[in-house]
Structure formats: C-alpha cells, structure tokens
Amino acid sequence: MKPTVTIYHNPACGTSRNVLALIRNSGEEPQVIEYLKTPPDRATLQRLVADMGGTVRDILREKGTPYAELGLGAAHWSDEQLLDFIGQHPILMNRPIVVTPLGTRLCRPSELVLDILPRPQQGAFSKEDGERVVDDKGVRIHGPR
C-alpha cells in the first residue's frame with residue numbers, strides 16, 4: 001500500500017524526529033525523504049510552496065545554513081533565485097515539511113502536523129524533551145503555540 005503521508009525529513013533535527021514519531025503514532029508509515037541526501041527538484045519545491053500557500057521565503061532556514069553569508073535576507077532576491085540557492089544548498093530548506101491528503105505544512109512546532117494527519121493519534125505522545133503533546137486517549141493536550 002502506497003503511503004498517504006510524505007515527510008521531508010532530517011534525522012539530525014529534533015523537530016523533524018518528533019514529527020515523524022507523531023505521524024507514526026497515528027498508525028501511518030510515511031514516505032520518508034531525507035532531503036539532504038535526496039533533495040527535491042525545483043518543480044517539487046515550487047509545488048510544496050504553492051500547496052502551503054506561501055512563498056519560498058517561508059521555507060528558508062537561517063540557523064546552521066549559509067543564509068547569512070549568501071545575503072539571503074535581502075529583499076531583492078526573487079522566489080526563482082531563492083529556489084536556485086536551495087537547489088545549490090539543500091540545507092537552506094526548512095524542515096520538516098509534511099504532505100498529506102489534508103494539506104502540506106512546514107511543521108514547526110512539531111504538533112502542527114496533527115492538523116493535517118488523516119488519522120487520529122493512537123495513544124500518548126511526548127516530544128524528545130519530555131513535553132506531552134497527546135494524552136493517553138490520543139487527544140491533543142494543547143493547541144499550537
């Protein structure tokens with residue numbers, strides 16, 4: 001059976017690991033794309049941004065990337081140019097981005113994924129830092145921050 005959920009994942013990122021665990025806690029086994037090993041092509045990036053209803057800037061990551069040294073904070077860069085930079089430096093793509101039948105979203109904080117998962121949580125869930133997100137009945141403890 002083909003997965004109905006896709007995650008653009010970085011296993012070194014705690015938020016990304018928490019999102020993957022929340023997806024699995026709903027009983028889904030997603031398609032996991034480690035985007036640093038297998039970067040999405042330009043058309044895929046454009047589709048992800050369009051499906052999120054945002055701009056390329058919405059998926060740019062500053063921390064731990066060449067964002068500052070490339071001067072990407074400058075307003076003159078077009079979406080097309082920013083896509084070129086992400087193509088050259090996939091680390092510039094913020095993560096995790098999750099695609100489900102209910103929508104596409106950059107899931108920061110990780111509990112934002114709960115809004116687009118097609119199936120409910122199957123049980124309690126706490127983030128790696130111990131913060132409880134879902135109770136024993138599979139109900140979200142609090143809304144997005």
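A brief look at the structure comes next. Model, not experiment: these values are computed from the prediction.

## Observations regarding the overall build of the protein chain
Alright, step 1. Assigned secondary structure in the protein chain consists of three helices and six strands.
Alright, step 2. What you see in the protein chain, going N to C, is helices and strands ordered as β-α-β-α-α-β-β-β-β.
Alright, step 3. Projected onto the principal axes, the alpha-carbon positions of the protein chain cover approximately 50 × 35 × 25 Å.
Alright, step 4. Of all 145 residues assigned to the protein chain, the portion counted as buried reaches 43%.
Alright, step 5. A fraction of 56% describes how many contacts in the protein chain between residues 6 or more apart in sequence connect residues 24 or more apart.
Alright, step 6. Accessible surface computed for the protein chain: about 7500 Å², of which carbon and sulfur atoms make up 51%.
Alright, step 7. Treating the 18 positive side-chain charges of the protein chain as one cloud and the 18 negative ones as another, the clouds have centres 3 Å apart.

## Some words on helix H1 (residues 14-25)
Alright, step 1. The first and last C-alpha atoms of H1 sit 16 Å apart over twelve residues, in line with the 16 Å expected at 1.5 Å per residue.
Alright, step 2. Of all the positions in H1, only Ser16, Asn18, Val19, Leu20, Leu22, Ile23 and Asn25 are classed as buried.
Alright, step 3. Gly27 occupies a position one or two residues after H1 and carries a positive phi of about 90°.

## Observations concerning the pairing of strand E4 (residues 103-106)
Alright, step 1. Because side chains alternate across E4, one face comprises the buried residues Thr104 and Leu106, and the other comprises Gly103 and Arg105, none of which is buried.
Alright, step 2. Joining the antiparallel neighbours strand E3 (residues 97-100) and E4 is a turn of two residues.

## What about helix H2 (residues 42-52)?
Because each turn of an α-helix spans 3.6 residues, side chains separated by three or four positions in sequence point in the same direction.
Alright, step 1. Looking only at H2, the buried set comprises Thr44, Leu45, Leu48 and Val49. Seen from one end, H2 has its buried residues packed into an arc of 135°, which puts them on one side.
Alright, step 2. Buried residues in H2 make contact with strand E1 (6-9), helix H3 (79-88), E3 and E4.
Alright, step 3. For H2, the N-terminal capping position is held by Asp41, with its side-chain oxygen 3.3 Å away from the main-chain nitrogen of Ala43.
Alright, step 4. The positive-phi residue at the C-terminal boundary of H2 is Gly53, with phi of around 75°.

## Quick look at the packing of aromatic side chains
Alright, step 1. Under the defined criterion, the tally for this structure stands at one aromatic pair.
Alright, step 2. Both rings, one in Trp77 and one in Phe85, keep their centres 4.9 Å apart while their planes meet at 85°; by these two values the pair is edge-to-face.
Alright, step 3. Among the residues examined, Phe85 registers a relative accessible area of 12% and is labelled buried.

Criteria and cut-off values
- Residues numbered from 1 in each chain as written.
- Predicted model: local features only at pLDDT ≥ 70, side-chain atom pairs only at ≥ 80, totals over all residues.
- Heavy atoms only, no water.
- Helix = DSSP H or I, 4+ residues; strand = E, 2+ residues; numbered from the N terminus.
- Buried < 20%, exposed > 50% of the residue type's maximum accessible area, 1.4 Å probe, protein only.
- Contact = heavy atoms within 4.5 Å.
- Areas by Shrake-Rupley, 256 points an atom, 1.4 Å probe, with all protein chains shown as cover.
- Lys, Arg positive; Asp, Glu negative; His and termini not counted.
- Charge placed at Lys NZ, Arg CZ, Asp CG, Glu CD.
- Expected span 1.5 Å × (residues − 1).
- Pairing = 2+ DSSP bridges.
- Arc of directions from axis to C-beta.
- Polar contact = N/O pair within 3.5 Å; in protein donor to acceptor, adjacent residues only side chain to side chain.
- Phe/Tyr/Trp six-rings, centres within 6.5 Å; stacked < 30°, edge-to-face > 60°.

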